Amino acid sequence: MNIRKNTSTIVCLAASVTLVLLGSAVVAQEDSGTAGDYPWSGYWWPFAEGGITVPLAKYDQVYKTSAVAFEQQRGRVNRADVQDWEGFCHAWSAASVTEKEPREARTYQGVEFSPGEQKALLCGLHYSDTANTYGDRYGDGQGSEDKNDLTPDEVWRHLQNYVKQQKVPLIFDLDGGDQVWNYPVYQYEVTYQEAGAGWVNGTMQLIVADDDVEPDYLGTQPGIYTYTFRCRMTGGSIVAGSGQWTGESAK
């Protein structure tokens, strides 16, 4: 499994995690965090379907610009080799955690922009956001090319630091292969129990804002991703670099 955050930095706690033993019984422990604001769900505007050119055509009509031509020149649309998965998922993710959700149609100079079209324009604005990244993208021929980065202990610490402590979402690439599918994670829950010799076995659940929606969808449609792992803990703290994905999560 490859969990990577490879677009916008963005944002979210780190309480110390403790393991409690009552007599000889192992007690399952939990750690969780929720961002202060939920990101909104939005469409990912696949390149194979023209990306955001339709909303941009309206923008060009109003402002007398050439945004559609710019999209075509950049090779985001009308490419013979365009892949079905390519689109604006990273830009939508960034917009959804930094911008207020458009919730009603707006008309400017006689041209109406639906909520979905406004979201598309926000995707255009956030397409090239500068970001802090963790881990390496698999399949691009660069870096470690390790499908199992980030390790679970690293992911857990980032979730604690950002989502739980700072109350802001994190954007993760949740595809373990060559494709990139970014989602804003706004809530997580880790359940773990002692497995002997300082090891714990755990389950990590990530709750994301999903992009499998119509362009004009309003609100947050949750998606749930569940992974299993093991790592070492000492003194109630995660041992850096000790984590291993297990089961289906390791594929």
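None of these values were measured; they are calculated from a predicted model.

A. Inspection of the overall build of the chain at higher detail. Across its full length, the chain holds five helices and eleven strands. When burial is assessed residue by residue, the chain has 49% of its 251 residues classed as buried.

B. Main features of the pattern of salt bridges. In the structure shown here, the tally under the stated rule is eight salt bridges. Of the charged contacts, one joins arginine 76 and glutamate 71 as a salt bridge, the two residues approaching to 2.4 Å between their closest N and O atoms. Here arginine 76 matches glutamate 71 in class, with each residue buried. The closest approach of N and O atoms between aspartate 81 and arginine 79, which form a salt bridge, is 2.8 Å. Note on arginine 79: relative accessible area 26%, which makes it partly exposed. Among the ionic contacts, a cluster of salt bridges with common partners joins Arg79, Asp81 and Glu86.

C. Fine view of unusual backbone geometry. Looking along the chain, the bond that leaves aspartate 149 and enters leucine 150 is cis, with omega of -10 degrees. In this structure, tryptophan 45 takes a positive phi of about 50 degrees despite not being glycine. Relative to the assigned elements, tryptophan 45 resides in the loop between strand S3 (29-34) and helix H1 (53-63). Using a relative accessible area of 10% as the deciding quantity, one classes tryptophan 45 as buried.

D. Inspection of the confidence of the model for the chain at higher detail. Taken residue by residue, the chain gives an average pLDDT of 88. The fraction at 70 or more is 90%. Residue range residues 1-24 is modelled with pLDDT below 50. Its contacts to residues more than four positions away, or to other chains, number 128 contacts.

E. Inspection of the environment of alanine 250 at higher detail. Within the secondary structure, alanine 250 sits in the segment after strand S11 (244-246). For alanine 250, a relative accessible area of 30% translates into the label partly exposed.

F. Layout of the nonpolar core. Ranked by size, the top nonpolar core spans 50 residues in total, and within it Phe88, Trp156, Leu159, Met204 and Leu206 carry the most contacts. Elements that contribute at least two residues to this core include exactly helix H2 (67-73), helix H3 (89-98), helix H4 (115-125), helix H5 (152-166), strand S6 (170-173), strand S7 (182-196), strand S8 (199-209) and strand S9 (222-234).

G. Representation of a nonpolar patch on the surface within the structure. Among the surface-exposed residues, Tyr59, Tyr63 and Tyr108 lie close enough to one another that they form a single nonpolar patch of about 300 Å² accessible area. Mapped onto the fold, tyrosine 63 is located in helix H1. For tyrosine 63, a relative accessible area of 44% translates into the label partly exposed.

H. A look at the pairing of S8. Across the eleven residues that make up S8, a large majority, eight, are buried. Sheet topology places S7 next to S8; ten bridges connect them, and they run antiparallel. Looking at S8, one finds that valine 190 is bridged to methionine 204. Hairpin connection from S7 to S8: two residues lie between these consecutive antiparallel strands, with alanine 197 at a positive phi of about 60 degrees. Bridge count for S8 against S9 is eleven bridges, and the pairing is antiparallel.

I. Quick peek at the environment of tyrosine 225. Of note, tyrosine 225 is situated in strand S9. For tyrosine 225, a relative accessible area of 24% gives the class partly exposed. Between the C-alpha atom of tyrosine 225 and that of valine 208, which follows or precedes it by 17 residues, the distance is 8.0 Å. Setting aside residues up to four positions removed in sequence, tyrosine 225 forms contacts with Leu174, Tyr183, Met204, Gln205, Leu206 and Val208.

J. Focus on the side chain of serine 114. Along the chain, the position of serine 114 falls in the loop between strand S5 (111-113) and H4. A relative accessible area of 16% means that serine 114 is categorised as buried. Here the side chain of serine 114 touches aspartate 216 through a polar contact of 3.1 Å, side chain to side chain. Not counting chain neighbours up to four residues away, the residues in contact with serine 114 comprise Ala105 and Asp216.

Cut-offs applied
- Residues numbered from 1 in each chain as written.
- Predicted model: local features only at pLDDT ≥ 70, side-chain atom pairs only at ≥ 80, totals over all residues.
- Heavy atoms only, no water.
- Helix = DSSP H or I, 4+ residues; strand = E, 2+ residues; numbered from the N terminus.
- Buried < 20%, exposed > 50% of the residue type's maximum accessible area, 1.4 Å probe, protein only.
- Salt bridge = Lys/Arg side-chain N within 4 Å of Asp/Glu carboxyl O.
- pLDDT = per-residue confidence, 0-100.
- Contact = heavy atoms within 4.5 Å.
- Core = buried A, V, L, I, M, F, W, Y, C linked by side-chain atoms within 4.5 Å.
- Patch = residues over 30% accessible without salt bridge, like charges linked within 9 Å, V, L, I, M, F, W, Y side chains within 5 Å.
- Areas by Shrake-Rupley, 256 points an atom, 1.4 Å probe, with all protein chains shown as cover.
- Pairing = 2+ DSSP bridges.
- Polar contact = N/O pair within 3.5 Å; in protein donor to acceptor, adjacent residues only side chain to side chain.

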